[in-house]
Amino acid sequence: MTADDTSTAGDLTPDASTPDTALDDAAALITGASSGIGEATAHALASRGADLALLARRRKRLEGIAETVETEYGVEAVVVDGDVRERETSAAAVESAVDRFGGLDVVVANAGVGRGGDVETMTDEEYFTMQETNVDGTFFLTREALPHLREATGTLVVVGSFAGRFPRSFNPVYAASKWWVRGFAHSVAAQVGDDDVAVSVVNPSEVRTEFGSEEGEPFEERFEPGSVTEPEEVAEAVAFAATRPGSTAQEIDLFRRGKFTDTF
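Cut-offs and rules
- Residues numbered from 1 in each chain as written.
- Predicted model: local features only at pLDDT ≥ 70, side-chain atom pairs only at ≥ 80, totals over all residues.
- Heavy atoms only, no water.
- Helix = DSSP H or I, 4+ residues; strand = E, 2+ residues; numbered from the N terminus.
- Buried < 20%, exposed > 50% of the residue type's maximum accessible area, 1.4 Å probe, protein only.
- Contact = heavy atoms within 4.5 Å.
- Areas by Shrake-Rupley, 256 points an atom, 1.4 Å probe, with all protein chains shown as cover.
- Phe/Tyr/Trp six-rings, centres within 6.5 Å; stacked < 30°, edge-to-face > 60°.
- Lys NZ or Arg CZ within 6 Å of the ring centre and 35° of its normal.
- Salt bridge = Lys/Arg side-chain N within 4 Å of Asp/Glu carboxyl O.
- Pairing = 2+ DSSP bridges.
- Axes fitted to C-alpha atoms, helices over the stretch in contact; angles between N-to-C directions.
- Parallel < 35°, antiparallel > 145°, perpendicular 65-115°, else oblique.
- Left-handed = near helix turned anticlockwise from the far one by under 90°.
- Nonpolar A, V, L, I, M, F, W, Y, C, P; charged D, E, K, R; others polar.
- Polar contact = N/O pair within 3.5 Å; in protein donor to acceptor, adjacent residues only side chain to side chain.
- Core = buried A, V, L, I, M, F, W, Y, C linked by side-chain atoms within 4.5 Å.
- pLDDT = per-residue confidence, 0-100.
- Expected span 1.5 Å × (residues − 1).
- Arc of directions from axis to C-beta.

Undergrad: Can you lay out the overall build of the chain for me, pointing to particular residues and giving the numbers?
TA: Assigned secondary structure in the chain consists of eight helices and seven strands. Counting across all 264 residues of the chain, residues that qualify as buried make up 53%. Looking at the chain alone, contacts between residues at least 24 apart form 68% of all its contacts between residues at least 6 apart. Of the accessible surface of the chain, which amounts to about 12300 Å², a share of 47% is contributed by carbon and sulfur atoms.

And the structure:
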């Protein structure tokens, strides 16, 4: 559970050791944890004291990350490999976290993919991959996690996208999936707010990760360091949302500084 907020007014630079940002004895589940934003979030939450359940398809990658955070931060980590498109995966991940740590305080719905482009040439496979990962995966995880977050008065953080706030002419289906994710998260927040469960959405624009690698050059190679958002920046936003003891960081936007100029 998050500690009581003891920060003073005007203190805008807390660190992971201060009470308002600590996650000591908390248990966090992160999807898409084998690289990019998910891996960075594992470090951000573990550095604040959280034990971790790491979910992704690549087990060896997860095992390496689990070993690293256990060594560096003195926390515990459990690995669950599986595809979030399958509802059994979320059930297994939540069960593993609860069995290992006795509960669940923070859930980060981070797994997401982008495929294809224009509607007329998009294949069925591309369409269903995005829908099942971005939409169904978020729903399955949330459904499994909510009972435990209610019990813990915990936090659900959903990683959205710039594309979930503004039109995306070069991939309307990806944008639609992220608009769904954002609307779903805010509506869940309305449903569980009286139960003292926080629900936050973090919307980055381009992030230097493996995103895009399935169809060409990944963002981590396409963009030079410092030109767009780094995964660690998104992870810090997730950690901020996860450490608000009496309020909700309802929505956090992380757009590179030239994004509006380029887009509008």
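Undergrad: Talk me through the packing of aromatic side chains; I want residue IDs and the actual numbers.
TA: Under the criterion given, the structure shown has 10 aromatic pairs. Ring centres of Phe 162 and Phe 255 lie 4.8 Å apart, and the angle between their planes is 80°; on these two criteria the pair is classed as edge-to-face. Of this pair, Phe 162 sits in the loop between strand E5 (155–159) and helix H5 (172–192) while Phe 255 sits in the loop between strand E7 (251–254) and helix H8 (259–263); the two residues are 93 residues apart in sequence, bridging distant segments of the chain. Connected via pairs of aromatic rings, a cluster forms that spans Phe 139, Phe 140, Trp 180 and Phe 184. Taking the ring centre of Phe 240 as reference, the NZ or CZ of Arg 244 above it sits at 4.0 Å.

Undergrad: A description of the pattern of salt bridges should follow, citing residues and the corresponding values.
TA: Pairs can form between side chains of opposite charge once their charged atoms are near each other. What the rule picks out here adds up to 10 salt bridges. In this structure, Arg 85 and Glu 132 form a salt bridge, with 3.8 Å as the shortest nitrogen-oxygen distance. Highlighted residues: Arg 85 in the loop between strand E3 (77–81) and helix H3 (87–101) and Glu 132 in helix H4 (residues 124–152), separated in sequence by 47 residues. Among the salt bridges present, the one from Asp 195 reaches Arg 150, with a minimum N-O distance of 2.7 Å. A residue pair is termed long-range when its members are at least 10 positions apart, and Asp 195 in the loop between H5 and strand E6 (198–204) and Arg 150 in helix H4 qualify at 45 residues. Here the residues in one salt-bridge network are Arg 165, Arg 182, Glu 251 and Asp 253, joined through shared partners.

Undergrad: How would you explain the sheet that holds E6 if you had to name every residue and give the values?
TA: An order of E3-E2-E1-E4-E5-E6-E7 is seen for the seven strands of this open sheet, with the pairing classed as parallel. Here the strands that pair on one side only, and so sit at the sheet edges, are E3 and E7. Direction aside, the axes of adjacent strands within the sheet are offset by 15° on average. Each of strand E1 (27–31), strand E2 (51–56), strand E4 (106–109) and E5 is contacted by helix H1 (residues 36–46), which is oriented at about 170° to E1, the strand it contacts most. Packing against the sheet, helix H2 (residues 59–73) makes contact with E2 and E3, and its axis sits at approximately 170° to E3.

Undergrad: How would you explain the packing of H3 against H4 if you had to name every residue and give the values?
TA: For the pair H3 and H4, interaxial distance at closest approach is 8 Å and the crossing angle is 30°. Classified by the angle their axes make, H3 and H4 are roughly parallel. Crossing of H3 against H4: the hand is right-handed. Taken together, the residues of H4 that come into contact with H3 (itself represented by Arg 87, Ser 90, Ala 91, Val 94 and Val 98) are Gly 137, Phe 140, Leu 141, Arg 143, Glu 144, Ala 145 and His 148. For the contact of H3 with H4, a count of residues per class yields six nonpolar, three polar and three charged.

Undergrad: Just give me the short version of the side chain of Asn 134, but keep the residues and values in it.
TA: Relative to the helices and strands, Asn 134 is located in helix H4. Under the relative-accessibility criterion, Asn 134 is labelled buried at 1%. A distance of 3.0 Å separates the side chain of Asn 134 from the side chain of Ser 177, its partner in a polar contact. Discounting chain neighbours no more than four positions away, the residues touching Asn 134 are Ala 111, Gly 112, Val 113, Tyr 174, Ser 177, Lys 178 and Val 181.

Undergrad: Tell me about the nonpolar core, and name the residues and values.
TA: Side chains of nonpolar character tend, in soluble globular proteins, to be buried together. Ile 30, Leu 45, Leu 52, Leu 54 and Val 202 are the most contacted members of the largest nonpolar core, which has 37 residues in total. Sort the elements by how many residues they give to this core and helix H7 (residues 231–242) lands first, with seven residues. Dropping the residues within four chain positions of it, Leu 54 is found in contact with Ile 30, Ala 33, Ala 42, Leu 62, Ile 65, Ala 66, Val 78, Val 79 and Val 80. One finds Val 78, Val 84, Leu 104 and Leu 149 within the second-largest nonpolar core, a separate group that totals 31 residues.

Undergrad: Describe the confidence of the model for the chain, naming the residues involved and giving the relevant values.
TA: Per-chain confidence: the chain averages 87 in pLDDT, with 84% of residues scoring 70 or above. Throughout residues 1–19 the model reports pLDDT below 50, and contacts reaching past four residues in sequence, or to other chains, amount to 27 contacts.

Undergrad: Kindly report on H3, identifying the contributing residues and their values.
TA: Between its first and last C-alpha, H3 extends 22 Å over 15 residues, near the 21 Å set by a 1.5 Å rise per residue. By the burial criterion, the buried members of H3 are Thr 89, Ser 90, Ala 93, Val 94, Ala 97, Val 98 and Phe 101. In a view along the axis of H3, the buried residues occupy a sector of 160°, so they form one face of it. Summarising the geometry of H3, the exposed residues directed more than 90 degrees from the buried face are Glu 88 and Asp 99. Looking at the buried side of H3, the elements it contacts are E1, E2, E3 and H4. Backbone geometry just downstream of H3 places Gly 102 in the positive-phi region, at approximately 85°.

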